[in-house]
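One-letter residues, chain by chain:
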Amino acid sequence: MRFVKPESLDKDSIILDVRGETEYAQERLALPHITIKADEVDPDKFMAEYNPAGEKLVNILCTSGGVASEVAEKFEAAGYPNVAVIVGGIIEAEYEGVKVLKN
């Protein structure tokens, strides 16, 4: 499993936020991202829609990294190795200075 630091993300990164609606409503990355709850992620459907050539790395975000790791395993089991967990999730992103929008 791959891991990326939050500060390595940019506007061209594919970012998948797998947190629930309540957590997402409280804070979210200012960078472009896709939101799908962890238990609703379908790796085949996601890749077909957001990464059809499969060339880009899909960066998975949760609160602290645990749930994102589970979702990354789901992608890998489906045959998609080009996924990475964002280390420390949104907590680490904010700590590292990545812009986070809050409500």
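Residues numbered from 1 in each chain as written. Predicted model: local features only at pLDDT ≥ 70, side-chain atom pairs only at ≥ 80, totals over all residues. Heavy atoms only, no water.

**A closer look at the packing of aromatic side chains**
Applied cut-off: Any pair of Phe, Tyr and Trp rings, taking the six-membered ring for Trp, is counted once the centres come within 6.5 Å. Such a pair is stacked with planes under 30 degrees apart, edge-to-face with planes over 60 apart, and tilted for the rest. Numbering of helices and strands runs from the N terminus; a helix is a DSSP stretch of H or I covering at least four residues, while a strand is a stretch of E covering at least two. For every residue, the accessible area obtained with a 1.4 Å probe (protein chains only) is divided by the maximum for its type, and the residue is called buried under 20%, exposed over 50%, and partly exposed between those limits.
Enumeration over the complete set of coordinates arrives at three aromatic pairs. Each ring, one from Phe46 and one from Tyr50, has its centre 4.8 Å from the other, and the planes form 40°; the classification is tilted. Within this pair, Phe46 and its partner Tyr50 are both found in helix 2 (residues 43–50), separated by four residues, close to a single helical turn. Relative accessible area serves as the criterion here: at 2%, Phe46 is assigned to the buried category. Consider the rings of Phe75 and Tyr80, whose centres lie 6.4 Å apart with planes at 70°: the pair is edge-to-face.

**Thoughts on the pattern of salt bridges**
Let me state the cut-off plainly: Put simply, a salt bridge is a Lys or Arg side-chain nitrogen that is within 4 Å of an Asp or Glu carboxyl oxygen.
Counted by the stated rule, this structure contains five salt bridges. Its salt-bridge partner being Lys37, residue Glu40 comes within 3.9 Å of it at the nearest N-O pair. Classification of Lys37 by relative accessible area gives partly exposed; the value is 30%. Ionic pairing is found between Glu94 and Lys102, a salt bridge with its closest N-O pair at 3.2 Å. Residues joined by salt bridges that share partners form a network here, namely Glu27, Glu94 and Lys102.

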